[in-house]
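# Coordinate analysis (summary)
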Amino acid sequence: MTSDVRPAADEARRIFSFDNSYARLPAPFQLPQRPAAVSAPKLIAFNRPLAAELGIDLEGASDQRLAAIFSGQEIAEGAQPLAMAYAGHQFGQFVPQLGDGRAILLGEVIDRNGERRDIQLKGGGQTPFSRRGDGRAALGPVLREYIVSEAMVALGIPSTRALAAVLTGDPVYRETALPGAVFTRVAASHIRVGTFQFFAARGDHEALRRLADYVIARHYPGLEHQENSHLALLKAIVTRQAELIAHWMAVGFIHGVMNTDNMTVSGETIDFGPCAFMDTYDPAKVFSSIDQFGRYAYRNQPAVAQWNLARLAEAMLPILDSDIDAAVEMANGAVIDFAQLYQAAWLKRMGAKIGVLNPEEGDRPLIEGLLDVMAQGGADFTLTFRALCAAAEGDDAPVHACLADPSAFDAWAGAWRERLGRDAQTPTARAEAMRHANPYIIPRNHRIEQAIVSAVSTADFAPFERMVEAVAKPYETRDAFAEFTTPPQEDEVVLRTFCGT
Ligand code: AMP
Ligand code: MG
């Protein structure tokens, strides 16, 4: 096993107990990079429960101190700021070198559960990988990532998290001048499919092997004992991604930019750019303004994930087997398996949404039937499934209210009720379980836009703060937050989300 991931040093009185395994990897894995100076750092948000989970000792620190640390002005003891190298397919086009162009990894900590977590500043200034970018982040995208990533975790979906957001006091120039901000992101790691592609494109098989062993030690411990540990790693990543995408589909989440550099090998959701949760159910829905051809539409996400995993498998060929034909066969097998793994994960999640304890293959057409009714009836994805919880206890009125033609639901519900008759749960227990599979609150795009507009144009962060509070408990029926459950009015609909990078 690699020695690249070592146990944490036990040092008292440090703010962060950093133990920076990625910094111990040589160039070109990473390049040291200090964050840039900013004019007037001001704290927007600091996630105290997450800080506690990470063992960060900032209890009692002033907002000014927090702003200095989480804008990169004060480099805490033990931090080894760096930019990671990676490549990636962007909208299908391979770019051999991307890398952290505006993200700077401060270091890694071992959290309370013994898990190694990255702490990274996003918008911390230029790096050798910035290409033509300014290395900065605008306030809007920072707030969006804060809200959506925390919502994902609260929904039970693997995701990077939000530790802090800080205003820089400096403008960033996009289409117009916007307030600049720095976002502090926490991830199981920031290693991507594109990280493997970076070394594959350079023909550096030794580095590929080292990266694979590092990922095994960090994310898939135990696999090193497998006969072909690198094949086992590929299969494990395929499995986690199949589960992740099924999770997204089950809550109506559209990532928006599923490039291979935005797909982690840990199985966490990463890089919340022009992402959104669907309001009205439409499988062809696209949100990103840069996605002209609908490559990353809702319904395409499973196929795109498999395509990305094929690029990973391709990159790993040299370390799967010294015989190229054998390596190709292994890689193909692993990638083909995605379809079945995804289908099984989807059935499990969607089955839970309609209240079936142990979904069977025969439930697939039943679930698809409901989705058809929803698509034809212009139904709100989240509201309809939440309303179905009441229908499971005999009250169909809430579902009827979601549909243009309620009789289409009644026609479907006959087969559904028949199926529930064979399901071993009481109606009360079933409805309760369904309320844990069908969220009451998702971070709706028009609400995010309203929170951003309020922060950007009037420096009022109250709507942002309220929304963070709302999405923290997505499965609880909380009347006080009912305003977050309603779909957008016609004039509130957000048709496209701009990348705003
Ligand atoms: P993203 O769209 O955030 O996934 O980024 C894609 C690539 O562009 C990554 O290599 C980023 O580091 C880089 N990038 C995005 N925005 C900027 C920026 N403002 N300055 C420098 N690099 C950037
Ligand atoms: Mg990215």
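All residue numbers refer to positions counted from 1 along the written sequence of the respective chain. Chain A is the first chain written and ligand 1 is the first ligand written, with later ones labelled in order. Only residues with pLDDT of at least 70 are given local features in this predicted model, and only at 80 or more are side-chain atom pairs given and counted; all residues enter the totals for whole chains, interfaces and linings. For the side-chain quantities, the full set of heavy atoms in the structure was used; hydrogens and water were omitted.

### Digging into the packing of aromatic side chains
Two aromatic rings, drawn from Phe, Tyr or Trp (for Trp, its six-membered ring), form a pair once their centres lie within 6.5 Å of each other, and the interplanar angle then sorts them: stacked below 30 degrees, edge-to-face above 60, tilted otherwise. Throughout the structure, instances matching the rule amount to 21 aromatic pairs. Geometrically, the ring pair formed by tryptophan 412 and tryptophan 416 is stacked, given 5.4 Å between the ring centres and 20 degrees between the ring planes. Placement of the pair is tryptophan 412 and tryptophan 416 together in helix H12 (residues 406-421), with a separation of 4 residues, close to one helical turn. Exposure categories follow from relative accessible area, calculated using a 1.4 Å probe and restricted to protein chains: below 20% of the type maximum is buried, above 50% is exposed, and the middle band is partly exposed. Residue class for tryptophan 412 comes out buried when judged on its relative accessible area of 8%. On the basis of relative accessible area, tryptophan 416 is assigned to the buried category, the value being 0%. Linked through ring pairs, Tyr22, Phe29, Phe198, Phe199 and Tyr214 together constitute an aromatic cluster. Lysine NZ or arginine CZ positioned within 6 Å of the ring centre and within 35 degrees of the ring normal marks a charge as sitting over the ring. Directly above the ring of tyrosine 86 sits arginine 192, whose terminal nitrogen or CZ lies 4.2 Å from the centroid. Strands are runs of DSSP state E lasting at least 2 residues, helices are runs of H or I lasting at least 4, and numbering of each runs from the N terminus.

### Observations regarding the coordination of the magnesium ion (ligand 2)
Here the magnesium ion (ligand 2) is held by Asn262 (OD1) and Asp271 (OD), and the distances to it run 1.8 to 2.1 Å. Across this residue pair, the class does not change: asparagine 262 and aspartate 271 are buried. Only nitrogen, oxygen and sulfur atoms count as donors, using a 2.8 Å cut-off from the metal that widens to 3.2 Å for Na, K and Ca. Water is left out, so coordination shells may look unfilled.

### Quick word on the pattern of salt bridges
Here, a salt bridge means any Lys or Arg side-chain nitrogen found within 4 Å of an Asp or Glu carboxyl oxygen. For the structure on display, the rule yields 31 salt bridges. A salt bridge links glutamate 150 to arginine 161, with the shortest nitrogen-to-oxygen separation between them at 2.6 Å. Residue glutamate 150 is found in helix H3 (residues 139-155), and its partner arginine 161 is found in strand S9 (residues 161-173); the two are separated by 11 residues along the sequence. Using a relative accessible area of 11% as the deciding quantity, one classes glutamate 150 as buried. When salt bridges with common partners are traced through the structure, they connect Asp19, Arg24, Glu108, Arg116, Asp118 and Arg218 into a single cluster.

### Side note on the pairing of S9
Most of S9 is tucked away, with 10 of its 13 residues classed as buried. Across 4 bridges, the pairing between strand S2 (residues 42-46) and S9 is antiparallel. Bridge pairing links phenylalanine 46 to alanine 164 in S9. Two strands pair under a simple rule: DSSP has to find at least two bridges between them. Between S9 and strand S10 (residues 177-187), which pair antiparallel one after the other, the connecting turn spans 3 residues.

### Considerations on empty space enclosed by the protein
Cavity: a set of points on a 1 Å grid over the protein atoms alone where a 1.4 Å probe fits but cannot get out. Pocket: an open set with protein on both sides within 12 Å along at least five of seven lines, its lining residues, like those of a cavity, having an atom within 4 Å of a point. Grid points are joined across faces, edges and corners, and a volume is the space filled by probe spheres set on the points. A full pass over the atoms with the stated rule returns 2 cavities of 30 Å³ or more. Space inside the largest cavity adds up to approximately 70 Å³. For the largest cavity, the lining is made up of 14 residues, of which Gln241, Trp248, Asn262, Met263 and Thr264 are closest to its centre. Ranked by residues supplied to the lining of the largest cavity, first place goes to helix H6 (residues 229-251) with 4 residues. Each residue is assigned to one class: nonpolar for Ala, Val, Leu, Ile, Met, Phe, Trp, Tyr, Cys and Pro, charged for Asp, Glu, Lys and Arg, and polar for all the others, Gly among them. Taken together, the residues of the lining of the largest cavity break down into 6 nonpolar, 7 polar and 1 charged. Its volume calculated, the second largest cavity comes out at about 30 Å³. Lining the second largest cavity are Phe16, Phe18, Ile69, Glu74, Ile75, Ala76, Ala79 and Leu106. Along the lines of polarity and charge, the residues of the lining of the second largest cavity split into 7 nonpolar, no polar and 1 charged.

### As for the domain arrangement of the protein chain
Delimitation of the domains relies on an automatic or database domain assignment. Here the protein chain is partitioned into domain 1 (3-190), domain 2 (194-279 + 291-351), domain 3 (356-435) and domain 4 (445-492). When each unit is reduced to the centre of its C-alpha atoms, the spacing between domain 1 and domain 3 is 42 Å.

### Observations concerning the pairing of strand S7 (residues 116-122)
Within S7, 7 of the 7 residues are buried, which leaves the element mostly enclosed by the surrounding structure. Across the two faces of S7 the burial is the same, with Arg116, Asp118, Gln120 and Lys122 and Arg117, Ile119 and Leu121 all buried. Relative to S7, strand S6 (residues 103-110) runs antiparallel, the two being bridged by 7 bridges. Within S7, the residue paired with leucine 105 across the bridge is glutamine 120. Hairpin remark: S6 followed by S7, antiparallel, with 5 residues in the connecting loop; positive phi at glycine 114, about 80 degrees.

### As for the side chain of histidine 89
Following the sequence through the fold, histidine 89 ends up in strand S4 (residues 88-90). Residue classification places histidine 89 among the buried residues on the basis of a relative accessible area of 11%. In this structure the side chain of histidine 89 is engaged in a polar contact, spanning 2.8 Å, whose partner is the side chain of glutamine 197. Those residues in contact with histidine 89 that lie beyond four places of it in its chain are Phe94, Gln197, Asn259, Thr260, Asp261, Trp307 and Arg311. Contacts described as polar in this section are N or O atom pairs within 3.5 Å, which, within protein, must combine one atom able to donate a hydrogen with one able to accept it, while residues neighboring in sequence count only if both atoms come from side chains. Every residue pair with non-hydrogen atoms within 4.5 Å of one another is taken to be in contact.

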